[in-house]
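Now for the letters of each chain:
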Amino acid sequence: EAGVAQSPRYKIIEKRQSVAFWCNPISGHATLYWYQQILGQGPKLLIQFQNNGVVDDSQLPKDRFSAERLKGVDSTLKIQPAKLEDSAVYLCASSLGTGPYEQYFGPGTRLTVT
Amino acid sequence: RKEVEQDPGPFNVPEGATVAFNCTYSNSASQSFFWYRQDCRKEPKLLMSVYSSGNEDGRFTAQLNRASQYISLLIRDSKLSDSATYLCVAGGAGKSTFGDGTTLTVKP
């Protein structure tokens, strides 16, 4: 079974530029998560989708971050404009549902903002 | 105060040692608990779920204390390959919160 796919794996941009990340979850997984993981910290949930609807985006900095999951399958996360403090690994995960299910993570996108 | 708190460590132990990690959670409504393992520069992967009655998987034992709102992970007979960061997760109402992890280094 294919795992969670993410691209790009690495991205270096200058502050105030924009960037987009893509995620394709495991087939059949209804729930998709985007996390931000800063070095030395645990993953912090940015947004959670159930199919193509948003379940939780309370920690998403909506003035600069946006995410969508059209057709309830793959998803994109965008940052515009980027700040230095956005340097982190952006992890996408998926699970069967919103219950106590195992989350399967993709390899992440390592973003460096200079 | 963070919703899920862990001792960051690092824990440096010799091979064969027994090591225990604790994790506290602040949301008493949390209903599901997990331990994930994250290797350096890799994504987190589920190590084990934590059940109310406690559960064991080989050398790993997880326990839950709802009254005190903490969960624990015990690793017996540590192997070099156990070196990683262990993330505690507490969830409920469709939401999961990760701790910042405890780093374990097992030395020969």
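Criteria and thresholds
Residues numbered from 1 in each chain as written. Chains lettered and ligands numbered in written order. Predicted model: local features only at pLDDT ≥ 70, side-chain atom pairs only at ≥ 80, totals over all residues. Heavy atoms only, no water. Contact = heavy atoms within 4.5 Å. Buried area = accessible area lost by both parts, 1.4 Å probe. Salt bridge = Lys/Arg side-chain N within 4 Å of Asp/Glu carboxyl O. Helix = DSSP H or I, 4+ residues; strand = E, 2+ residues; numbered from the N terminus. Nonpolar A, V, L, I, M, F, W, Y, C, P; charged D, E, K, R; others polar. Pairing = 2+ DSSP bridges. Axes fitted to C-alpha atoms, helices over the stretch in contact; angles between N-to-C directions. Buried < 20%, exposed > 50% of the residue type's maximum accessible area, 1.4 Å probe, protein only.

1. Topic: the interface of chain B and chain A
Turning to step 1, where the next piece is worked out: Counting residues at the interface gives 15 residues for chain B, matched by 18 residues for chain A.
Turning to step 2, where the next piece is worked out: When chain B packs against chain A, the two sides together hide about 1400 Å² of surface, and 51% of this comes from carbon and sulfur.
Turning to step 3, where the next piece is worked out: Summed over the shared surface of chain B and chain A, the result is 0 salt bridges.
Turning to step 4, where the next piece is worked out: At the level of elements, β4 (32-38) and β10 (95-98) of chain B are the ones that each hand at least two residues to the side of chain B that touches chain A.
Turning to step 5, where the next piece is worked out: Of the residues forming the side of chain B that touches chain A, the biggest block, 4 residues, is contributed by β4 of chain B.
Turning to step 6, where the next piece is worked out: A class-by-class count of the residues in the side of chain B that touches chain A yields 6 nonpolar, 5 polar and 4 charged.

2. Brief notes about the sheet that holds strand β8 (residues 75-79) of chain A
Residue and element names in this part refer to chain A.
Turning to step 1, where the next piece is worked out: In space, the 4 strands of this open sheet follow the order β1-β3-β8-β7, with antiparallel pairing throughout. Because the sheet does not close on itself, it has two edges, and the strands there are β1 (5-7) and β7 (65-68). Across the sheet, the mean angle from the axis of one strand to that of its neighbour is 15 degrees, orientation sign disregarded.

3. Here's the deal with the sheet that holds strand β3 (residues 19-25) of chain B
All names here are of chain B.
Turning to step 1, where the next piece is worked out: Read across the sheet, 5 strands follow the order β1-β3-β8-β7-β6 without closing on themselves; strand pairing throughout is antiparallel. Both outer strands of the open sheet, β1 (4-6) and β6 (55-57), are each paired with one neighbouring strand and no more. Sheet twist, expressed as the average angle between the axes of neighbouring strands with direction ignored, equals 20 degrees.
Turning to step 2, where the next piece is worked out: Here β3 runs beside strand β8 (residues 70-75); their pairing, made up of 6 bridges, is antiparallel. Looking at the pairing, Ala 20 lines up with Leu 74 of β8.

4. Digging into the environment of Ala 5 of chain A
Residues and elements named next belong to chain A.
Turning to step 1, where the next piece is worked out: The topology assignment puts Ala 5 in strand β1.
Turning to step 2, where the next piece is worked out: Overall, Ala 5 belongs to the partly exposed group, its relative accessible area being 30%.
Turning to step 3, where the next piece is worked out: Taking the C-alpha atoms as reference, Ala 5 lies 19 Å from Tyr 101; in sequence the two are 96 residues apart.

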